[in-house]
Amino acid sequence: MELSLATGRQILDAAAVDARHGTLLVLDDTGALVGVDTGSGAQTVLCRIELPAVPVDRSRGVFPRPRVRLHAADDGSVVVVATDAGTEGLVVETATGRTTMRITAVDHHAETVELSVAVLRHRGRQVVLHRTAWNRLDASDALTGALLTERAPAASDDGARSERDLDYFHGPLAVNRSGTRVADGGWVWHPVGVLRAWSLAVWLEQDPWEPEDGPSAVDLLLRDDWNLPMVWLDEDHLAVAGLAGWDREEFEETDPRPGVRVIDVREPERSGDRLLPAPAVPERLLADGSALVTVDVDGTSVREPVSGDLLRHWPDLRATALDRVRREVVAVRGDRIVTRAL
């Protein structure tokens, strides 16, 4: 299927959802948020959003390209519009267009990472995970803006913990489908990329310090780069772009190769057990439980998530999202929306 966006404007980003208006949300360059039913082609302008300013482009090496990104709740009720390589974002209720909160992260080397944002449902409410400092993540109620991860007072002589204890620049976030774990693709001073994960349930229900030093927080992978494309294949397995290993004695990356590494977060020390080679390093990874979609300079490929066997390849398509309801990949470019069945 191929259609033009009803507003006729340039598409900034798109997100797959399962909502009454369809299975796709599209944000255009005027801030119009459009619900798209890719089956019938019907489109509805849901609201208009104030677009955050895009930072000056300082992209180089592993630094992300500044851009406006759309993050959405699975049911499409809430979206976050945020700037990669920046510090600003808006949380919006799509039914009313109401801005429920503004995300502001301290501008300390913000150009080095995607703005940490994720939306999930937890205990019956929509929750936004967002960076509030270079080394601090917080969670807030998406509809009220209420902070859910209030910490105790900062460090003092009696040894109270502080977010400053974590020498870590938070990066892109990925939450598994059940909302039990989050992965964070940030970095530490050397500089070196450190892929981390921890329990969302413990963080949101028991200990607001869990991302800093909680027992469920674990470093999964060290790399020379960061902002790595990643996606959860199931509750416990995280797929990450690239096959490079790490020599802990020499503290350096070894044998960088294109492909996808699959990490079992329960046994991260065995992260080399599943390597799925590919012709190029993926620029984006998408998954729906039964298929792994890789997007690179050669187009879009569909792979079997266990063996990595190539099932389908579209050289003319650069997928943006994966519609799990209709089992289609979605690509946007200019004012065009293209879908292909898995």
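Scroll up to find the structure this text is about.
Because the structure is predicted, anything quoted here is derived from the model rather than measured.

Q: Can you explain the nonpolar core? Please cite residues and give values.
A: Core analysis: the largest hydrophobic core is formed by 16 residues, its most contacted members being Leu 25, Leu 27, Leu 33, Ile 49, Leu 70 and Val 79. Sequence-distant contacts of Val 79, that is, excluding residues within four places in its chain, are made with Leu 25, Leu 33, Ile 49, Leu 70, His 71, Ala 72, Leu 90, Val 91, Val 92 and Thr 94.

Q: Just give me the short version of the sheet that holds strand β29 (residues 336–341), but keep the residues and values in it.
A: Taken together, 4 strands build an open sheet; the order of strands is β1-β29-β28-β27 and the sheet is antiparallel. Of all strands in the sheet, those bounded by a partner on one side alone are β1 (2–4) and β27 (321–323). Taking the axes of each pair of neighbouring strands and ignoring which way they run, one obtains an average angle of 25° across the sheet.

Q: An account of the pattern of salt bridges is requested, with residue identities and associated values reported.
A: Overall, the coordinates contain 25 salt bridges when judged by the stated rule. With its nearest N and O atoms 3.1 Å apart, the salt bridge here joins Arg 125 to Asp 141. Highlighted residues: Arg 125 in strand β11 (residues 125–133) and Asp 141 in strand β12 (residues 136–141), separated in sequence by 16 residues. Judged by its relative accessible area of 9%, Asp 141 is buried. Notably, a salt bridge pairs Arg 181 with Asp 236, separated by 2.5 Å at the nearest N-O pair. Of this pair, Arg 181 sits in strand β14 (residues 181–188) while Asp 236 is found in the loop between β17 (230–232) and β18 (237–241), placing the two residues 55 residues apart along the sequence. In this structure Asp 236 comes out as buried when scored by relative accessible area, which is 18%. The network of salt bridges with shared partners includes Arg 136, Asp 138, Arg 151 and Glu 212.

Q: I'd like a description of the environment of Glu 253, backed by residues and values.
A: Among the structural elements, Glu 253 can be located in strand β20 (residues 252–254). Given a relative accessible area of 19%, Glu 253 falls into the buried group. In this structure the C-alpha to C-alpha distance between Glu 253 and Asp 225, which are 28 residues apart in sequence, comes to 9.4 Å. Among the polar contacts listed, one links the side chain of Glu 253 to the side chain of Arg 223, at a separation of 3.3 Å. There is a polar contact of 3.0 Å between the side chain of Glu 253 and the backbone nitrogen of Asp 224.

Q: Please set out unusual backbone geometry residue by residue, giving values where relevant.
A: The omega angle of the peptide bond from His 190 to Pro 191 is -5°, so this bond is cis rather than trans. Turning to its location among the elements, Pro 191 is positioned in the loop between β14 and β15 (192–199). The phi angle at Arg 327 is positive, at roughly 55°, despite the residue not being glycine. Among the secondary structure elements, Arg 327 is positioned in the loop between β27 and β28 (328–333).

Q: Please give an account of the packing of aromatic side chains that cites residues and values.
A: Considering all chains together, one arrives at 7 aromatic pairs under this definition. Aromatic pair Trp 187 and Trp 226: ring centres 4.9 Å apart, planes at 15°, arrangement stacked. Within this pair, whereas Trp 187 is found in strand β14, its partner Trp 226 is found in the loop between β16 (218–223) and β17, the two being separated by 39 residues in sequence. Both residues of the pair, Trp 187 and Trp 226, belong to the buried class. Centre to centre, the rings of Trp 246 and Phe 251 are 5.1 Å apart; their planes meet at 85°, and the pair counts as edge-to-face.

Q: Tell me about the sheet that holds strand β5 (residues 43–48), and please be specific about residues and values.
A: The strand order across the open sheet formed by 4 strands is β2-β3-β4-β5, and the pairing between neighbours is antiparallel. Unpaired on one side and paired on the other, β2 (11–19) and β5 mark the two borders of the sheet. Strand-to-strand twist across the sheet, computed as the mean angle between neighbouring axes with direction ignored, equals 25°. The sheet contact formed by β2 and strand β3 (residues 22–28) spans 6 bridges and is antiparallel. Of the residues in β3, the one forming a bridge with Ala 16 is Leu 24.

Q: For the side chain of His 21, give the residues involved together with the corresponding values.
A: Note on placement: His 21 falls in the loop between β2 and β3. His 21 sits in the buried class, given a relative accessible area of 11%. Setting aside residues up to four positions removed in sequence, His 21 forms contacts with Gly 35, Val 36, Asp 37 and Leu 46.

Q: How would you explain a negative patch on the surface if you had to name every residue and give the values?
A: Where like charges cluster on the molecular surface, the negative patch consists of Asp 224, Glu 249, Glu 250 and Glu 252. By the secondary structure assignment, Glu 250 is in the loop between β19 (245–247) and β20. For Glu 250, a relative accessible area of 52% puts it in the exposed group.

The rules behind these values
Residues numbered from 1 in each chain as written. Predicted model: local features only at pLDDT ≥ 70, side-chain atom pairs only at ≥ 80, totals over all residues. Heavy atoms only, no water. Core = buried A, V, L, I, M, F, W, Y, C linked by side-chain atoms within 4.5 Å. Buried < 20%, exposed > 50% of the residue type's maximum accessible area, 1.4 Å probe, protein only. Contact = heavy atoms within 4.5 Å. Pairing = 2+ DSSP bridges. Helix = DSSP H or I, 4+ residues; strand = E, 2+ residues; numbered from the N terminus. Axes fitted to C-alpha atoms, helices over the stretch in contact; angles between N-to-C directions. Salt bridge = Lys/Arg side-chain N within 4 Å of Asp/Glu carboxyl O. Polar contact = N/O pair within 3.5 Å; in protein donor to acceptor, adjacent residues only side chain to side chain. Phe/Tyr/Trp six-rings, centres within 6.5 Å; stacked < 30°, edge-to-face > 60°. Patch = residues over 30% accessible without salt bridge, like charges linked within 9 Å, V, L, I, M, F, W, Y side chains within 5 Å. Areas by Shrake-Rupley, 256 points an atom, 1.4 Å probe, with all protein chains shown as cover. Lys, Arg positive; Asp, Glu negative; His and termini not counted. Charge placed at Lys NZ, Arg CZ, Asp CG, Glu CD.

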